[in-house]
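Examination of the molecular architecture
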Amino acid sequence: MNKEVRVRFAPSPTGALHIGGVRTALYNYLFARKMGGKFLLRIEDTDQNRFVPGAEEYIKESLNWLGIAPDESPWNPGDCGPYRQSERKPMYMQYAMDLIEKGHAYYAFDTPDELDAMRERLTAARVVSPQYNSITRTQMKNSLTLPEDEVKERLASGEPYVIRVKIPRKEEVRLNDMIRGWVLVHSNSLDDKVLMKSDGMPTYHLANIVDDHLMKITHVIRGEEWLPSAPLHVLLYKYFGWEDTMPQFAHLPLLLKPDGNGKLSKRDAEKHGFPIFPLDWSDPNTGDIVAGFREAGYLPDAFLNFLSFLGWNPGDHRELFTLEELVEAFSVERIGKSGTKFDINKAKWFNEQYLRAKTDEELAAYLIADVEKEGLTVEASKAAQIAHVVKERATFPADLWKEGRFMLIAPSQFDQDIASKKWNTDTETVLGTYREKLLQFSGEFTPENAKSLLEAASEENGIKLGKIMQAIRLAVTGVGAGPELMPVFNIIGKEELIKRISFALETLKVNS
RNA sequence: GGUCGAUUCGUCUAGGGGUUAGGACGUAUCCCUUUCACGGAUAAAACACGGGUUCGAUUCCCGUAUCGACUACCA
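Residues numbered from 1 in each chain as written. Chains lettered and ligands numbered in written order. Predicted model: local features only at pLDDT ≥ 70, side-chain atom pairs only at ≥ 80, totals over all residues. Heavy atoms only, no water.

The name that an unreviewed UniProt entry assigns to chain A is Glutamate--tRNA ligase, with the source organism given as Rhodonellum ikkaensis. What UniProt records for chain A under Subunit (unreviewed entry) is the sentence "Monomer." Recorded in UniProt for chain A, the comment headed Function (unreviewed entry) runs: "Catalyzes the attachment of glutamate to tRNA(Glu) in a two-step reaction: glutamate is first activated by ATP to form Glu-AMP and then transferred to the acceptor end of tRNA(Glu)." (UniProt positions renumbered as here; feature names shortened; annotations may be inferred.)

In structure tokens, the structure reads:
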């Protein structure tokens, strides 16, 4: 039995794709690639009320950004289309009817009010979990309790109805989860879930079984929130007679809040000031705006690497993986069982690693873009030099310009704190001499030359360079800390250096 | 409440009947550096609790606690 592995990611287009969803997609992708199989995307849009325009595109763009685009999807369909459940609508009813004919499902005519009343009644009677099940259905309006003629009449008259699965009263349902092992559930804790809604759409439960079967899905890798309904799904496979091809299940641990309890949510992003969505997203219905990792400056490879380690590890001490290496190293056996708290520091660390691995030229491209956004220009070779000098201090591409802007823009003011502590007559003297030497210097202005001239200037005045170094930095850059100074002098050039020294000498006054 | 699941440093985790319980992020200290950062080194830091089983349990079993998911004509 070496069937081709086929897995699917099945989000519903109800808003921005949550980072947990992205991880689910990633694990599906990794598994598919590892097994030489296919990764499909199916849009689960059976709830028309929750449809959000743009959400599908958001999903597509997110996966593209990360380089984990599906092999089959609404945009590049394979043989199992359509890939949107709304477009598969005509397919589902026959399967629901099949279940009715086999006695595993039935029509129900209860109105929402009647369902509420039932729940209230049960709650009042102190029934622990009020549900539509093998006991309560005997008191409701459905094809199990109503005379056959009346059922036909109601159906014929166009009265709204749903189709519910008929869960047996006593049956042990077992499923072998790839991550959790055997999970046993008794059917008496399950309820008669709606399979077909009154609007003619299937619910998730029906649609996902039918579609997974029709799309020849071999492994269902999804979030742990689905674990409680997995037994129902197993039952449905059995009722359809599809047990032989039932996919294997793997329920992924949840992504948790950084500070303790609960599932990671949009609120956490706001509270802690970091993104939990892949891309920026502005909800057309609510006007909510959420920040994305992409726009925050996370590199796709770094983000992917970070994400892959949220609940999985390769079993050795390696941490940096390309997508290809992740595919090679991945296995569901090494996915953990327990929920994972989200630590943005780790994400930043990954980003730094990937940023530093880039060449100066690659980094220069980011820098140039940011420079031009401010209406300035910089030649490529200089941008590369700047990038080289600041790359070690950057977490995000935007930091390159933040850390390096002083090299293109001369300081107009100086850090007062440093000035009052470090600026003194010794500095003024040495800087004066240094300026003279620079003026007279006609060779190639290298970092080495910049340094030897400065050393000569301090020696001539009998002043220790070390004591005034920070003041010199202040004079040229405006601040007290930054990258190594001599390469900076070299980058800004001799003329600019002289100008800056002059300006500092005029502006900064010795504190008396 | 019920069902199901989970529980190793602050966080992500390795490990597994006998270990100095390993690594990474973060934190602290030192070194490097004429600053900051990077880098290097070092340190503090964990098996939720209680019973079994066993010569021996963090590891296996059972409870308890805690946390979480689910409990819709949402997915």
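More follows now that the structure is in view.
What follows covers the nonpolar core. Tyr434 and Phe489 are the most contacted members of the largest nonpolar core, which totals 115 residues. Considering every element that reaches this core, the biggest residue donor is helix H1 (residues 19–34), with 9 residues. Contact partners of Tyr434, with chain neighbours within four places excluded, come to Ala450, Leu453, Leu454, Ala457, Phe489, Leu497 and Ile501. (Core = buried A, V, L, I, M, F, W, Y, C linked by side-chain atoms within 4.5 Å. Buried < 20%, exposed > 50% of the residue type's maximum accessible area, 1.4 Å probe, protein only. Helix = DSSP H or I, 4+ residues; strand = E, 2+ residues; numbered from the N terminus. Contact = heavy atoms within 4.5 Å.)

Right, let's talk about the environment of Gln413 for a bit. For Gln413, the position within the fold is in the loop between helix H15 (397–404) and helix H16 (416–422). In this structure Gln413 comes out as exposed when scored by relative accessible area, which is 62%. Considering only alpha carbons, one finds Gln413 and Phe503, 90 residues apart in sequence, at a separation of 9.7 Å.

In helix packing, the relevant descriptors are the interaxial angle and the interaxial distance, both defined with respect to the helix axes. Interhelical geometry of helix H13 (residues 360–373) versus H15 gives an angle of 65° and a closest axis separation of 8 Å. Here H13 lies roughly perpendicular to H15, going by the angle between them. Crossing hand, H13 versus H15: right-handed. Contacts between H13 and H15 involve Leu363, Tyr366, Leu367, Asp370 and Val371 from the first element and Pro397, Ala398, Leu400 and Trp401 from the second. For the contact of H13 with H15, the residue count by class is 8 nonpolar, no polar and 1 charged. (Axes fitted to C-alpha atoms, helices over the stretch in contact; angles between N-to-C directions. Parallel < 35°, antiparallel > 145°, perpendicular 65-115°, else oblique. Left-handed = near helix turned anticlockwise from the far one by under 90°. Nonpolar A, V, L, I, M, F, W, Y, C, P; charged D, E, K, R; others polar.)

What follows covers helix H19 (residues 465–477). End to end, H19 covers 17 Å across 13 residues, agreeing with the expected 18 Å (1.5 Å per residue, within 8%). All of the buried residues in H19 are Leu465, Ile468, Ala471, Ile472, Arg473, Leu474, Ala475, Val476 and Thr477. Looking at the buried side of H19, the elements it contacts are H16, helix H17 (425–440), helix H18 (447–460), helix H20 (485–492) and helix H21 (494–507). Of the residues one or two after H19, Gly478 is the one with positive phi, at around 90°. (Expected span 1.5 Å × (residues − 1).)

The next thing to look at is the pairing of strand E4 (residues 162–165). Covered by surrounding structure in E4 are Val162 and Arg164 together with Ile163 and Val165, the residues of both alternating faces. Pairing between strand E3 (residues 105–108) and E4: 4 bridges, direction antiparallel. What sits directly across from Tyr107, in E4, is Ile163. With 2 bridges joining them, E4 and strand E7 (residues 194–196) adopt antiparallel strand pairing. Looking at the pairing, Arg164 lines up with Val194 of E7. (Pairing = 2+ DSSP bridges.)

Tallied over the entire structure, the rule returns 35 salt bridges. The salt bridge involving Asp211 is made with Arg42; its shortest N-O contact spans 3.8 Å. Of this pair, Asp211 sits in helix H6 (residues 204–214) while Arg42 is found in the loop between strand E2 (38–41) and helix H2 (55–66), placing the two residues 169 residues apart along the sequence. Judged by relative accessible area, which is 0%, Asp211 ranks as buried. Its relative accessible area of 0% is what places Arg42 among the buried residues. Each of Arg8, Arg42, Glu44, Arg88, Asp211 and Asp212 takes part in salt bridges that share partners, so that together they form one network. (Salt bridge = Lys/Arg side-chain N within 4 Å of Asp/Glu carboxyl O.)

Put simply, H18 and H20 touch, their axes get as near as 8 Å, and they point 110° apart. Regarding the angle of H18 to H20, the classification is roughly perpendicular. When you trace H18 past H20, the crossing you get is right-handed. Between H18 and H20, the residues in contact are Pro447, Ala450, Lys451 and Leu454 and Met486, Pro487, Phe489 and Asn490, respectively. Taken together, the residues that form the contact of H18 with H20 break down as 6 nonpolar, 1 polar and 1 charged.

Before going further, it helps to spend a moment on the protein's contact with RNA strand B. Lining the immediate surroundings of RNA strand B are 58 residues, of which Glu319, Glu392, Arg393, Leu465 and Gly482 lie closest. Each atom of RNA strand B within 4 Å of the protein was assigned to sugar, phosphate or base; sugar and phosphate come to 73%. In the environment of RNA strand B, a phosphate oxygen lies 3.5 Å from a nitrogen or oxygen atom belonging to the side chain of Trp349. A distance of 2.7 Å separates a base nitrogen of RNA strand B from a polar atom in the side chain of Arg473. (Near = heavy atom within 4 Å. Polar contact = N/O pair within 3.5 Å; in protein donor to acceptor, adjacent residues only side chain to side chain.)

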